[in-house]
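Each chain, letter by letter, is given below.
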Amino acid sequence: MQGQLQEYPHGSAARVAIVTGAARGIGAATARRLAAGGRAVAVLDLDLDACAVVRDEIVAAGGTALAVSADVTDETAVDRAVEEIVEGLGAPTILVNNAGITRDNLLFKMSVDDWDAVVQVHLRGAFLMTRAAQRHMVAQRFGRIVNLSSTSALGNRGQANYAAAKAGIQGLTRTLAVELGPFGVTANAVAPGFVQTEMTAATAERLGLTFEEFTARAIAKIPVGRGGQPEDIAAVVHFLTSDESGYVSGQVLYVDGARRG
Ligand code: NAP
């Protein structure tokens, strides 16, 4: 057996992937990358029209995709969305929990609503999506779960809610790896540093900076000398969801150009 890779019953073709928060940013880049790699991709986000734009891009490029509207914090909507995906594309074996929001403020000014909203989307959302999708992975004895954490999990001024949620994601990921590993399912977290998306553009605005100024300040502290692009994260997710990554599980991979925090 030494040196042999495990053979999966379904081969590498036409696996079904779900990417949450896939209407833009890192999620959209990930949906496009997984589709380019031969996955049938469910583009899931709050706004169906925005999902349809990404779906149409994927289809125009020769891929397979389905636009699905759901709020990942809504248990009923999540279960319904996963059933819609099963009917439209087939049983999912790849899940990327990417949907996210920020509600930044210093702790003494942070409202309970801002705390709850962030924890709900990141933690409750990842929990509900994973619970709904994992049974299809367990049934097929194959699965790949990737959760988006962040360098903010290590602590970041003005982000008590977000940092706590992104650290929680890491604990969730390791527990999924332990519980689901015996069923051929891996779980890993990707923790990006600064990535140029609408989320970081909103942060710049909150700080009273142009996005160019904010980006320049970030790049000055990044050893590789550039800002991250959504495609940088998508490439890592693509590897972690591949058939070849089956011995990589329970890991947190920081993708931050060598900058921490
Ligand atoms: P983004 O551009 O703001 O995109 C996030 C997407 O998630 C949006 O389309 C948003 O929809 C959607 N979403 C929000 N709440 C949702 C919900 N309840 N149900 C379904 N979808 C929902 O963010 P991004 O920068 O691409 O970030 C993607 C992930 O990477 C997030 O988890 C983020 O925390 C993480 N991350 C980002 C960075 C970075 O520098 N950009 C760094 C580290 C980690 P709406 O637009 O309709 O709200």
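None of these values were measured; they are calculated from a predicted model. Once a new chain begins, its residue numbering starts again from 1 and follows that chain's sequence as written. Totals for whole chains, interfaces and linings use every residue, but because this is a predicted model, local features are given only for residues with pLDDT of at least 70 and side-chain atom pairs only at 80 or more, for both listing and counting. The basis for every side-chain value is the complete set of heavy atoms in the structure, and neither hydrogens nor water enter the calculation.

## Here we look at the overall build of the protein chain
This is how it is decided: Strands here are runs of E lasting at least two residues and helices are runs of H or I lasting at least four, both read from the DSSP assignment and numbered beginning at the N terminus. The atom set for the radius of gyration is the C-alpha atoms, and the globule formula is 2.2 Å times the number of residues raised to the power 0.38. Any residue under 20% of the maximum accessible area for its type is buried, any over 50% is exposed, and the rest in between are partly exposed; the area is computed with a 1.4 Å probe on protein chains only. Every residue pair with non-hydrogen atoms within 4.5 Å of one another is taken to be in contact. The accessible surface values rely on the Shrake-Rupley method and a 1.4 Å probe; as for residues, cover is taken only from the protein chains in view. Note that His is not counted, nor are the chain ends; the positive residues are Lys and Arg, and the negative ones are Asp and Glu. One atom stands in for each charge, and that atom is NZ of Lys, CZ of Arg, CG of Asp or CD of Glu.
Secondary structure assignment for the protein chain yields eight helices and seven strands. Its C-alpha radius of gyration of 18 Å places the protein chain within 12% of the 18 Å reference for a compact globule of 261 residues. Projected onto its principal axes, the C-alpha coordinates of the protein chain cover approximately 55 × 45 × 35 Å. Taking all 261 residues of the protein chain together, 48% fall into the buried category. Considering only residue pairs separated by 6 or more positions, the protein chain has 72% of its internal contacts joining residues 24 or more positions apart. Put simply, the protein chain shows about 12300 Å² of open surface, and 53% of that area lies on carbon and sulfur atoms. Taking the 23 positively charged and 27 negatively charged side chains of the protein chain as two groups, their mean positions are separated by 7 Å.

## Some points on the confidence of the model for the protein chain
Operational definition: What pLDDT reports is the predictor's confidence in each residue, on a scale of 0 through 100.
Residues of the protein chain with pLDDT of at least 70 account for 95%, and the chain-wide mean is 95. Mean pLDDT in the protein chain bottoms out at helix α6 (residues 198–206), which sits at 95, and peaks at strand β1 (residues 16–20), which reaches 99. Here residues 1–13 is modelled with pLDDT under 50, and outside its nearest four sequence neighbours on either side it reaches twelve contacts, counting other chains as well.

## Notes on the UniProt feature "domain: Ketoreductase" (unreviewed entry) in the protein chain
What counts is decided by this rule: UniProt positions are given in the numbering used here, feature names are shortened, and annotations may be inferred rather than shown by experiment.
As recorded in UniProt, the feature "domain: Ketoreductase" (unreviewed entry) lies at residues 15–193. The span residues 15–193 shows a helical share of 50% and a strand share of 21%, and its end C-alpha atoms are spaced 29 Å apart.

## Considering the site of the ligand
Counted only if it meets this: Whether a residue is near a molecule or strand is decided by its heavy atoms; if any one of them lies within 4 Å of it, the residue is near. Counted as a polar contact is a pair of N or O atoms within 3.5 Å, where, for protein atoms, one must be capable of donating a hydrogen and the other of accepting one, and residues adjacent in sequence contribute only when both atoms are in side chains.
By nearness alone, 28 residues border the ligand, and R24, D45, N98, Y162 and T197 come closest of all. R24 is positioned with one of its side-chain polar atoms (N or O) 2.8 Å from an oxygen atom of the ligand. Taking D71, its side chain carries an N or O atom lying 2.9 Å from a nitrogen atom of the ligand. The protein chains hide 90% of the 890 Å² of surface that the ligand would expose on its own.

## A few points about the nonpolar core
To be explicit about the condition: In this text, buried Ala, Val, Leu, Ile, Met, Phe, Trp, Tyr and Cys residues form a nonpolar core when linked through side-chain atoms within 4.5 Å.
Counting 32 residues, the largest nonpolar core has I18, L44, I85, M129 and I145 as its most contacted members. Breaking this core down by element, the ones donating at least two residues are β1, β2 (40–45), α3 (75–88), α4 (112–140), α5 (160–180) and β6 (185–192). A total of eight residues in this core trace back to one element, the largest contributor, which is α4. Excluding residues within four positions of it along the chain, I145 makes contact with L95, N97, T130, M137, L176, L180, V185, T186, A187 and N188. Residues C51, V54, I58 and I233 belong to the second largest nonpolar core, which totals 26 residues.

## Details of the pattern of salt bridges
The condition that has to hold: Any Lys or Arg side-chain nitrogen located within 4 Å of an Asp or Glu carboxyl oxygen qualifies as a salt bridge.
Summed over all chains, the structure comprises ten salt bridges. A single network of salt bridges, built from pairs that share partners, joins R15, R39 and D243.

## Comments concerning the packing of α3 against α4
Threshold: A fitted line through C-alpha atoms serves as each axis, taken over the contacting stretch for helices, and the angle formed by two N-to-C directions is quoted from 0 to 180°. Crossing handedness: left-handed means the near helix sits turned counterclockwise from the far one by under a right angle, and right-handed means the same turn made clockwise. The residue classification treats Ala, Val, Leu, Ile, Met, Phe, Trp, Tyr, Cys and Pro as nonpolar and Asp, Glu, Lys and Arg as charged. All others, Gly included, are polar.
As a packed pair, α3 and α4 sit with axes 10 Å apart at the nearest point and diverge in direction by 35°. Helix-helix and strand crossings are classified by hand; for α3 and α4 the assignment is right-handed. In contact with E75, V78, D79, V82, E83 and V86 of α3, α4 contributes R124, L128, M129, R131, A132, R135 and H136. In the contact of α3 with α4, the residues fall into six nonpolar, one polar and six charged.

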